[in-house]
Amino acid sequence: MKKLSTGVAFGLALALAAATFAHADVAGPNFGYIGNITPRSTAEIVAAGHTSPFGIGGETTDRSFSTFSTWKNYLGPLGASKIRIQSGWHYIEPVIYPTPVYNFAKLDEIVDGVRAQGVKPFMFLGYGNERAGCANCGTQGLGGTLPTGAGLDKYLAFVRATVTRYNSPTVRVNDWQIWNEPDGHVPALDYATLAVATAKAIKQIQPNAKITIGSFTTGVLGGTASDGYAYASTVLDHFENNKGATVADGDVTVGYHPYWGLPDYDSYPSENTKFTAFKSLVESKGYKIRQDENGAPSTQCLYFALCGTTAWDEENQAKYILRRMLGDFYRQIETSIFTIVDLHYDSTKNTKGLLRTGTWDASNDTPYTNGDQSVKGKKLAYSSYQNVTGVFDNRLVTLPTPSCTAPYGYTVHAYTRNDAGVVRNMLAVWRKTTELPAPANIVNIDITCTNFHFPRFASSATLRPRYADLLDGRVYQLSTATTIVGNSAANNDVSLKGIPVGDHPVLIADQGLVPYTP
């Protein structure tokens, strides 16, 4: 596949009009609009030697509910470091008996296409295979059964064939996920047995492979007394005791899908306690946690996670995703947003995509399955995601010691970055919410912090911090001293007055942390 240059790919992605949403300008003499956050493509981030934990979903291409060619040019400009893709055993091995036949053409196009843009593929291995001659091979979709007996042997042969293909002569994939959301319909020991066998098969071919197990639903975050936690505990105990020496603890992550209505779990005691229980369980085995699927719909819906009577729209989708991305980044959790494009399932459209597609139609499979999958536009969440990847990378370090006081119900996170001895600090602030936010909900608040100040501003009164809105991307200069009434390097404290904050993250940052285009 011909590699697109960063500029060409970016230009193609910009061909469709971006979301037009914007708040009313931050009013008053203390804020002067100076431009918008400059997005960074994945290729630009990689070329600069930076990394980030932000991934994006590219799921369901195996079942043709999504088509890579329709959204591939929007991937690189997003700035995601990884993309979650599904292999689809049923579709890759269409002939089982008497001699297996593998067809990797579609998957090759995706793997090579994302890598050409600097994005690393994170590949799911599953689901089952319902082809003739494949007895006990499980079923081919979410919620299906696992392969067992001779069917498991055939599945492991598929795993070995897939890993071999993307391991030689060049390692194109070394990040593998074993099945998806088994809890709720698959016995824990059955899944654990499959996970052990699959991990060993992967490691036999690719000793340095990274492996994700679990990819559990929200139920595993229900606390130590919950059925979900017991399920995860059973899986992890069996995996730990049977995986063997070839599967190093440090190469194992445990995925979870936290489809909570409240992504601000840090400030709700019950959610925090339950989340901590799951995190502690995983880390007690020497493994890491990984949020490998979470997002929100952009329309009202009935059939998928977070659907129901809630009147989702594109603004509320973007706010949810922003709070999830920054909440995970602050805790140093790798995170993946579901998903890059709306998905045309057999039942209806899943509108969790960052890109808007055409009309869903179950009776029309030409040229795409279930209607018009071509991209019709970017949702607000697409540009909001870009705003995050334009600012946040591995150079930003969490500051654990600051004590910041804000009105009840607000989150304040503190970061620092040291660029060859030049230290810059930043705050991320937003109002937590237990319901969909109402329009025009931005209010001015005061924030005071100890063990934190803005060092660039302390070094020169002309280097006033910037204010950046991650939802619409607009950047403002704090233009008068009345906004920052105290910023002491000697005392390491700061007082901010009248900072406009709503139910999505805004940044107050030393100059040089938020790149912007006038």
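Student: Sorry if this is basic, but what is going on with the nonpolar core here?
Tutor: One recurring pattern in soluble globular proteins is that nonpolar side chains are buried together. In this structure, Ile56, Tyr155, Tyr191, Ile213, Phe278 and Phe392 are the most contacted members of the largest nonpolar core, which totals 118 residues. In terms of residue count, the dominant contributor to this core is helix H8 (residues 188-205) (nine residues). Apart from residues no more than four positions distant in its own chain, tyrosine 191 is found in contact with Leu146, Ile178, Trp179, Pro182, Val186, Ile213, Gly214, Tyr231 and Val235. By size, the runner-up hydrophobic cluster in this structure holds 23 residues, among which are Val412, Phe452, Tyr476 and Ile508.

Student: Would you take a moment to explain the pattern of salt bridges for this structure?
Tutor: One pass over the full model with this rule turns up 28 salt bridges. Here aspartate 237 makes a salt bridge to lysine 285, at a shortest N to O gap of 2.4 Å. Taken together, the positions of aspartate 237 in helix H9 (residues 227-242) and lysine 285 in the loop between helix H10 (269-284) and strand S8 (288-294) put the pair 48 residues apart, joining distant regions of the chain. Given a relative accessible area of 31%, aspartate 237 falls into the partly exposed group. A relative accessible area of 11% means that lysine 285 is categorised as buried. We note a salt bridge from aspartate 393 to arginine 395, for which the minimum N-O separation is 2.8 Å. Taken together, the shared-partner salt bridges connect Lys82, Asp175, Arg290 and Glu334 into one network.

Student: I'm lost on the sheet that holds strand S22 (residues 493-501) in this one. Help?
Tutor: Two orientations exist for strands paired in a sheet by backbone hydrogen bonds: parallel and antiparallel. Ordered by their spatial adjacency, four strands build an open sheet running S15-S18-S22-S21, and the pairing between neighbours is antiparallel. Only two strands of the sheet have a single partner each, and these edge strands are strand S15 (403-405) and strand S21 (484-488). Here the strands of the sheet are splayed against their neighbours by 25 degrees on average, with no regard to which way each runs. Of the pairings in the sheet, the one linking S21 to S22 comprises four bridges and is antiparallel in character. The partner of isoleucine 484 across the bridge, within S22, is leucine 496.

Student: Looking at this structure, I do not really get the packing of aromatic side chains. What am I missing?
Tutor: Remark: the centre distance and the inter-plane angle together describe each pair of aromatic rings, the angle taken between the planes. Under the defined criterion, the tally for this structure stands at 25 aromatic pairs. Taking the centre distance of 5.8 Å and the plane angle of 85 degrees together, the rings of tyrosine 127 and tryptophan 179 count as edge-to-face. Here tyrosine 127, found in the loop between strand S4 (120-125) and helix H7 (150-165), pairs with tryptophan 179, found in the loop between strand S5 (175-178) and H8; they are 52 residues apart in sequence, far enough to count as distant. Judged by relative accessible area, which is 1%, tryptophan 179 ranks as buried. Aromatic side chains phenylalanine 239 and tyrosine 287 sit 6.2 Å apart centroid to centroid with 80 degrees between the ring planes, which places their arrangement in the edge-to-face category. Placement of the pair is phenylalanine 239 in helix H9 and tyrosine 287 in the loop between H10 and S8, with a sequence separation of 48 residues. In this structure, phenylalanine 239 and tyrosine 287 share a single accessibility class: buried. Among the aromatic residues, those joined into a ring-pair cluster are Trp89, Phe124, Tyr127, Tyr155, Phe158 and Trp179. Stacked on the ring of phenylalanine 122, the Lys or Arg arginine 290 has its end atom at 3.8 Å from the ring centre.

Student: Would you mind going over the layout of surface pockets with me for this structure?
Tutor: Rolling a probe over the atoms, with the probe sized like a water molecule, indicates the empty space that remains. Quantified by volume, the largest pocket comes out at close to 570 Å³. Around the largest pocket, the lining comprises 27 residues; the ones closest to its centre are Lys82, Asp175, Lys210, Arg290 and Glu334. When residues of the lining of the largest pocket are traced back to their parent elements, those giving at least two are S4, strand S6 (210-216), H10 and S8. Reported here for the second largest pocket is a volume of approximately 410 Å³. As for the second largest pocket, its lining consists of 21 residues, and the residues nearest its centre are Thr51, Ser52, Pro53, Asp393 and Asn394. In terms of residue count, helix H2 (residues 42-47) provides more of the lining of the second largest pocket than any other element does, three residues in total.

Student: Would you mind going over the pairing of S6 with me for this structure?
Tutor: With six of seven residues buried, S6 is to be regarded as a mostly interior element. Pairing of S5 with S6 involves three bridges; the strand directions are parallel. In the strand pairing of S6, glutamine 177 is matched with threonine 212. A crossover connection joins S5 to the parallel S6 through H8; in handedness this β-α-β unit is right-handed.

Student: What exactly am I supposed to notice about empty space enclosed by the protein here?
Tutor: Summed over all chains, the structure comprises three cavities of 30 Å³ or more. For the largest cavity, the calculated volume is near 60 Å³. In terms of lining residues, the largest cavity is bounded by Gly55, Ile56, Lys82, Ile83, Arg84, Phe122, Arg290, Gln291, Asp292, Glu334, Thr335 and Ser336. Contributions of two or more residues to the lining of the largest cavity are made by strand S2 (54-57), strand S3 (82-86), S8 and strand S9 (334-337). In terms of residue class, the lining of the largest cavity is made up of three nonpolar, four polar and five charged.

Student: Hey, could you run me through the packing of H8 against H9 in this one?
Tutor: For any two helices packed against each other, the geometry comes down to the angle between their axes and how far apart the axes lie. One can describe the packing of H8 onto H9 by two numbers: an axis separation of 9 Å at closest approach and a directional angle of 35 degrees. Classified by chirality, the crossing of H9 by H8 is right-handed. Between H8 and H9, the contacting residues are Ala188, Leu189, Tyr191, Ala192, Thr193, Ala195, Val196, Ala199 and Lys200 on the first element and Tyr231, Thr234, Val235, His238, Phe239 and Asn242 on the second.

Student: How should I be thinking about the sheet that holds strand S19 (residues 466-469) in this particular structure?
Tutor: Strand order across the open sheet formed by eight strands is S14-S16-S17-S23-S19-S20-S1-S24, with antiparallel pairing between neighbours. The open sheet has two edge strands, strand S14 (397-398) and strand S24 (516-517), and neither has a second partner. Both strand S1 (residues 31-37) and S24 contribute to a ladder of two bridges, which runs antiparallel. Within S24, the residue paired with asparagine 36 across the bridge is threonine 517. Contacts from helix H11 (residues 314-330) reach S14, strand S16 (410-419) and strand S17 (422-431), with the element oriented near 60 degrees to S16.

Student: How should the pairing of S19 be read in this particular structure?
Tutor: Burial of the side chains of S19 extends over both faces: Arg466 and Ala468 are buried on one face and Tyr467 and Asp469 on the other. A loop of four residues connects S19 with strand S20 (residues 474-478), the two strands running antiparallel in sequence, and glycine 473 in this loop sits at a positive phi of about 85 degrees. Bridging between S19 and strand S23 (residues 506-509) involves four bridges; their strand directions are antiparallel. Paired with arginine 466 across the strands is alanine 509, a residue of S23.

Cut-offs applied
- Residues numbered from 1 in each chain as written.
- Predicted model: local features only at pLDDT ≥ 70, side-chain atom pairs only at ≥ 80, totals over all residues.
- Heavy atoms only, no water.
- Core = buried A, V, L, I, M, F, W, Y, C linked by side-chain atoms within 4.5 Å.
- Buried < 20%, exposed > 50% of the residue type's maximum accessible area, 1.4 Å probe, protein only.
- Helix = DSSP H or I, 4+ residues; strand = E, 2+ residues; numbered from the N terminus.
- Contact = heavy atoms within 4.5 Å.
- Salt bridge = Lys/Arg side-chain N within 4 Å of Asp/Glu carboxyl O.
- Pairing = 2+ DSSP bridges.
- Axes fitted to C-alpha atoms, helices over the stretch in contact; angles between N-to-C directions.
- Phe/Tyr/Trp six-rings, centres within 6.5 Å; stacked < 30°, edge-to-face > 60°.
- Lys NZ or Arg CZ within 6 Å of the ring centre and 35° of its normal.
- 1 Å grid on protein atoms, 1.4 Å probe; cavity = no way out; pocket = protein on both sides within 12 Å on 5 of 7 lines; lining within 4 Å.
- Points joined across faces, edges and corners; volume = space filled by probe spheres on them.
- Right-handed = clockwise from strand over helix to strand, strands pointing away.
- Nonpolar A, V, L, I, M, F, W, Y, C, P; charged D, E, K, R; others polar.
- Left-handed = near helix turned anticlockwise from the far one by under 90°.

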